[in-house]
Amino acid sequence: MTPPATSTNDAPSNSSPPVNDDNNLQRSSTSLRKERRRSLVQASMRDAFAGAAAGAFAKTAVAPIERVKLLMQLRVSASGSSSSCVATCRAGDVPGGSALQVARSVYETQGSLAFWRGNTPNVVRQAGAAALNFMLMDWYKGAISPIMHWSLSLPSNRNVEDRVKRRKLISSFLSGGLAGGTTTTFLYPIEFMRTRLAMDVGATKETRLYPRGMRDVFLGIWKSDGIKGFYQGYGIALSGVMVYRALHLGGYDAVKTEIMHRRRYSEHAPREAARTTDMSLTMSERFAAAQIVSIVAGTLCYPIDSVRRRLMMQAGQPLDERLYRNSFDCFRKVFVNEGIQGFFLGIGPNLIRSFGGAVLLVGYDVFKGMIGV
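Residues numbered from 1 in each chain as written. Predicted model: local features only at pLDDT ≥ 70, side-chain atom pairs only at ≥ 80, totals over all residues. Heavy atoms only, no water.

### Observations regarding the overall build of the protein
- Counting its secondary structure elements, the protein contains 12 helices and zero strands.
- Traced from its N-terminal end to its C-terminal end, the protein shows the element sequence α-α-α-α-α-α-α-α-α-α-α-α.
- Once local pairs closer than 6 in sequence are excluded, the contacts in the protein between residues at least 24 apart make up 79%.
- With an accessible surface of roughly 19900 Å², the protein has 62% of that area assigned to carbon and sulfur atoms. (Helix = DSSP H or I, 4+ residues; strand = E, 2+ residues; numbered from the N terminus. Contact = heavy atoms within 4.5 Å. Areas by Shrake-Rupley, 256 points an atom, 1.4 Å probe, with all protein chains shown as cover.)

### Some words on the pattern of salt bridges
- Across all of its chains, the model carries 12 salt bridges by this definition.
- The closest approach of N and O atoms between Glu66 and Arg194, which form a salt bridge, is 4.0 Å. Here Glu66, found in helix 2 (residues 63-73), pairs with Arg194, found in helix 6 (residues 160-198); they are 128 residues apart in sequence, far enough to count as distant. Pair check on accessibility: Glu66 and Arg194 agree, each one buried.
- Its salt-bridge partner being Arg212, residue Asp216 comes within 2.9 Å of it at the nearest N-O pair.
- You can call Asp216 buried: its relative accessible area is 13%.
- A single salt-bridge network, built from bridges that share partners, covers Lys69, Glu191, Asp305, Arg308 and Arg309. (Salt bridge = Lys/Arg side-chain N within 4 Å of Asp/Glu carboxyl O. Buried < 20%, exposed > 50% of the residue type's maximum accessible area, 1.4 Å probe, protein only.)

### Here's the deal with helix 4 (residues 99-110)
- Taking 1.5 Å of rise per residue, 12 residues should cover 16 Å, and helix 4 covers 16 Å from first to last C-alpha, within 8% of that figure.
- Among the residues of helix 4, those classed as buried are Val102, Ala103, Val106 and Gln110. Take helix 4 and look down its axis: the buried residues cluster within an arc of 100°, on one side only. In helix 4, the exposed positions angled more than 90 degrees off the buried face are occupied by Leu100, Tyr107 and Glu108.
- In the segment just after helix 4, Gly111 is the residue with positive phi, at about 95°. (Expected span 1.5 Å × (residues − 1). Arc of directions from axis to C-beta.)

### Digging into a nonpolar patch on the surface
- On the surface, Phe218, Leu219, Trp222 and Ile227 cluster together into a nonpolar patch covering about 390 Å² of accessible area.
- In this structure, Leu219 sits in helix 7 (residues 214-225). (Patch = residues over 30% accessible without salt bridge, like charges linked within 9 Å, V, L, I, M, F, W, Y side chains within 5 Å.)

### Some thoughts on the packing of helix 6 against helix 10 (residues 283-312)
- Following both chains from N to C, one finds helix 6 and helix 10 inclined at 80°, their axes separated by 10 Å at the closest point. With respect to their mutual orientation, helix 6 and helix 10 come out roughly perpendicular. Between helix 6 and helix 10, the residues in contact are Tyr188, Glu191, Phe192, Thr195 and Arg196 and Arg308, Arg309 and Met312, respectively.
- In terms of residue class, the contact of helix 6 with helix 10 is made up of three nonpolar, one polar and four charged. (Axes fitted to C-alpha atoms, helices over the stretch in contact; angles between N-to-C directions. Parallel < 35°, antiparallel > 145°, perpendicular 65-115°, else oblique. Nonpolar A, V, L, I, M, F, W, Y, C, P; charged D, E, K, R; others polar.)

### Comments concerning the packing of aromatic side chains
- With the rule as written, the count across this model stands at nine aromatic pairs.
- Aromatic side chains Trp139 and Tyr140 sit 5.3 Å apart centroid to centroid with 75° between the ring planes, which places their arrangement in the edge-to-face category.
- Ring pairing ties together the aromatic residues Phe192, Phe218, Trp222 and Phe230, which thus form one cluster. (Phe/Tyr/Trp six-rings, centres within 6.5 Å; stacked < 30°, edge-to-face > 60°.)

### Some remarks on the side chain of Arg117
- Inspection of the secondary structure assignment puts Arg117 in the loop between helix 4 and helix 5 (119-151).
- Residue classification places Arg117 among the buried residues on the basis of a relative accessible area of 11%.
- Within polar-contact distance, the side chain of Arg117 engages the side chain of Gln110 at 3.3 Å.
- Once residues lying within four places of it in the same chain are set aside, the contact partners of Arg117 are Arg67, Gln110, Arg194, Leu197, Ala198, Asp200, Val201, Gly202 and Arg208. (Polar contact = N/O pair within 3.5 Å; in protein donor to acceptor, adjacent residues only side chain to side chain.)

### Side note on the confidence of the model for the protein
- Summary statistics for the protein give a mean pLDDT of 75 and a share of 75% for residues scoring 70 or more.
- Highest mean pLDDT in the protein belongs to helix 11 (residues 327-338) (92); lowest belongs to helix 9 (residues 270-273) (48).
- Taken as a whole, residues 80-92 scores under 50 in pLDDT and shows 35 contacts with residues more than four places along the chain or in a different chain. (pLDDT = per-residue confidence, 0-100.)

Next comes the structure, spelled out in structure tokens:
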């Protein structure tokens, strides 16, 4: 007896659809991961471009002020007037007096373009530093985020809103400091060359110590000290820049967060304020926050900057002729011989130069808006 014919509609249909569903789900998950990775890379590249453009623009704008600041800050070391430290100024001593007198002397003896001497490595360094700082700050902030979220689960007497606000501030300062430390490690040799070029006060190619610019600095230090010569003062610089960037980048981010927090919970417009983002801050609010942060960070970290630059100026000298054995020795001798004011030589132009730091921070926000980050 022949079995009854089986209809095609009665055939079992439970095996293939689950396989197809699993395959589709796996492909969808893989595609989603790739899309997230692509978005992260694109966002990082945009952050880097915005930071580089803002950094190059800001440094070029304040280059004359920065050179006057360096000449005043390293006057003692460069001229060798009170020590046997570095004598990089073959054509004569660094001009003395106030910032205006130094600027007038540079203009009369070296010309107007001398105010931008050393600006090329400065732009390269600052563009790279700004790009890496902002890009790495966002990256570190993302890496710290899971820890910050986990810490919210710990028992606390504070309300959730205050705890979230506190975690955002901590995340801003930590990510800013870590980004600054990482960037300094990579770009310190360029900062070193920029400092040496700025202290070359020769008026002509015959009287300048580095007539061919960065090339002469690089070859001279490489022959005398090798790669370690480009990292004179690196230890104190690393600690200083982490503090500075934590205050500068993290502080700016924290001030913006504070402004948004107060606006969000203002009693005037609570619903509208709840949708506030940092791009809704006015230009004047952002610039005021950036200027305050730049002045505070620059002043607090200025003694560390003075010490590291004095150590930079010793590169190329025999060890037995160097005045400062290390960072602590430099701190001690400057304090004993020059007093507290020795750490703040050139602080006046540096406060004016903080305008460039504010331009950098606000410019980053603007460039990010222009490229659609």
